[in-house]
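The primary structure of each chain is shown beneath.
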Amino acid sequence: MWRKLWNDSDWAIIICTFLLVCIGLAAIGSATHVNQEPIGFGSLVVKQLIFFLANAAVVIAMQFLNYHRLKDWGNIIYGITLLMLIAVMAVGTSALGAQRWIQLGPITIQPSEFSKLLMIICMAKMLEPRIGKLDTFKSLILPVLYVGVPIGLVFLQPDLGTSLVYIAIFVGMLFISGIKTRLIKIIAGTGLLLMPLGWFVLKEYQKQRILVFLNPDIDPFGSGYHIIQSKIAIGSGLIFGKGIFNGTQSQLNFLPENHTDFIFSVIGEEFGFVGCIIVLLLLFMLIYRSIKVAYMCNDNFGMLLATGIATMFTFEVLVNVGMTIGIMPVTGIPLPFLSYGVSALTTNMLSIGILLNIAMQRTKYIF
């Protein structure tokens, strides 16, 4: 069994994940060492490392299971997802104008992060029998309602960024399920026409983020501050960066949320253009291998799972990196494996566990 695990594992995925986490730990340590204890269990980098190792053990254990069992638990997982999202609205803690977290002793978890992977499993179960049959608007009613409920609950927190991740995943999985091109064109056209109406359901801070995305200088010391400081940080890194612990924007606390949403800005400033390219290449390879797993999978459920995970990684990378360089509005979407966050890291590691399980079972099931 261990020999099969060693020989049949997708080592490209494993190596990319390990390297990304290591770079993330270095960036988190650099971003927080001024304001945090450099050594000790109170350090954010130590917490991130502990949860990485714990999740790595879970990922290994997952390889001795059959991912097809997830399909049997689909309805239960869907119910758990809804309960978590409702619970965070009832007993969750608030921060930065949103109620997205639940405090469990010393650990703060974000249910909307876990729900992304849970909904990928649920959507894969729901779409599998509908592959090749999504040719009318009537055939889309149930899938849209099925996904719309959790999206609505996340949006009400409010968490627009995660809501958009849900939508991106759903669209990607619909596409691989064989939805007719005619329907895609009609839905996309209708969405563009109705987009202006979405302005009226956004919170004030969300509207402000869109406005400063178009012109950060309209509020340089408020909503536009993040984007301006992020672009200064990345631009000042030049080719090889200023060196770890030497970034002025990061070390002098000019760059907000530098260990979470804007970790890529820290990498750009301290590791330079070369460091950014290495990170992006690792992320690209991880996404490419995820797509490859979906393509090589010998059953539709596994193909949908891998597609959903690949879409999630792709969207999160595009939005997070895009917002740090000013080509996307600021959202609370972390950079996979690099941003600090227990919930995000756990979700991403479990996603890797599922990908590796699908890849390993292409030729023979375990049990």
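Conventions adopted
- Residues numbered from 1 in each chain as written.
- Predicted model: local features only at pLDDT ≥ 70, side-chain atom pairs only at ≥ 80, totals over all residues.
- Heavy atoms only, no water.
- Disulfide = S-S within 2.5 Å.
- Buried < 20%, exposed > 50% of the residue type's maximum accessible area, 1.4 Å probe, protein only.
- 1 Å grid on protein atoms, 1.4 Å probe; cavity = no way out; pocket = protein on both sides within 12 Å on 5 of 7 lines; lining within 4 Å.
- Points joined across faces, edges and corners; volume = space filled by probe spheres on them.
- Helix = DSSP H or I, 4+ residues; strand = E, 2+ residues; numbered from the N terminus.
- Nonpolar A, V, L, I, M, F, W, Y, C, P; charged D, E, K, R; others polar.
- Polar contact = N/O pair within 3.5 Å; in protein donor to acceptor, adjacent residues only side chain to side chain.
- Contact = heavy atoms within 4.5 Å.
- Patch = residues over 30% accessible without salt bridge, like charges linked within 9 Å, V, L, I, M, F, W, Y side chains within 5 Å.
- Areas by Shrake-Rupley, 256 points an atom, 1.4 Å probe, with all protein chains shown as cover.
- Salt bridge = Lys/Arg side-chain N within 4 Å of Asp/Glu carboxyl O.
- Axes fitted to C-alpha atoms, helices over the stretch in contact; angles between N-to-C directions.
- Parallel < 35°, antiparallel > 145°, perpendicular 65-115°, else oblique.
- Left-handed = near helix turned anticlockwise from the far one by under 90°.
- Phe/Tyr/Trp six-rings, centres within 6.5 Å; stacked < 30°, edge-to-face > 60°.

## Considering the state of the cysteines
In total, this model carries 0 disulfides according to the counting rule given. You can see Cys16 has no disulfide; the closest cysteine sulfur is in Cys22, sitting 12 Å from it. In this structure Cys16 comes out as buried when scored by relative accessible area, which is 6%. With a relative accessible area of 33%, Cys22 lands in the partly exposed category.

## Section: the layout of surface pockets
Volume-wise, the largest pocket comes out at about 1600 Å³. Contributing to the lining of the largest pocket are 45 residues, with Ser163, Leu164, Ile167, Gly191 and Met195 lying nearest its centre. For the lining of the largest pocket, the element with the most residues is helix H9 (residues 181–198), which contributes 10 residues. Looking at the lining of the largest pocket, its residues break down into 34 nonpolar, 8 polar and 3 charged.

## Examining the side chain of Thr346
If you trace the backbone, Thr346 turns up in helix H15 (residues 342–360). A polar contact is formed between the side chain of Thr346 and the side chain of Asn55, at a distance of 3.3 Å. If sequence neighbours within four positions are ignored, Thr346 has contacts with Asn55 and Phe114.

## With respect to a nonpolar patch on the surface
Nonpolar side chains collect at one region of the surface, where Leu238, Ile239, Phe240, Phe273, Val274, Ile277, Ile278, Leu280 and Leu281 lie side by side and expose about 860 Å² of accessible area between them. The topology assignment puts Leu238 in the loop between helix H11 (225–236) and helix H12 (248–251). What makes Leu238 exposed here is its relative accessible area of 62%.

## Things to note about the packing of helix H3 (residues 44–62) against H15
To characterise two packed helices, one gives the angle between the axes of the helices and the distance between these axes. Their axes nearest at 9 Å, the elements H3 and H15 cross at an angle of 25°. Accordingly, the angle class assigned to the pair H3 and H15 is roughly parallel. The crossing of H3 and H15 is right-handed. Listed contacts from H15 to Gln48, Phe51, Phe52, Asn55, Ala56, Val58, Val59 and Met62 of H3 are Val342, Leu345, Thr346, Met349, Leu350, Gly353, Ile354, Leu356 and Asn357. Taken together, the residues of the contact of H3 with H15 sort by class into 12 nonpolar, 5 polar and no charged.

## Comments concerning the packing of aromatic side chains
Counted under the stated rule, the structure contains 3 aromatic pairs. Measuring from centroid to centroid gives 4.2 Å for Tyr78 and Tyr146, while their planes differ by 15°, and the two rings are stacked. Of this pair, Tyr78 sits in helix H5 (residues 74–91) while Tyr146 sits in helix H7 (residues 137–155); the two residues are 68 residues apart in sequence, bridging distant segments of the chain. With respect to burial, Tyr78 and Tyr146 carry one shared label: buried.

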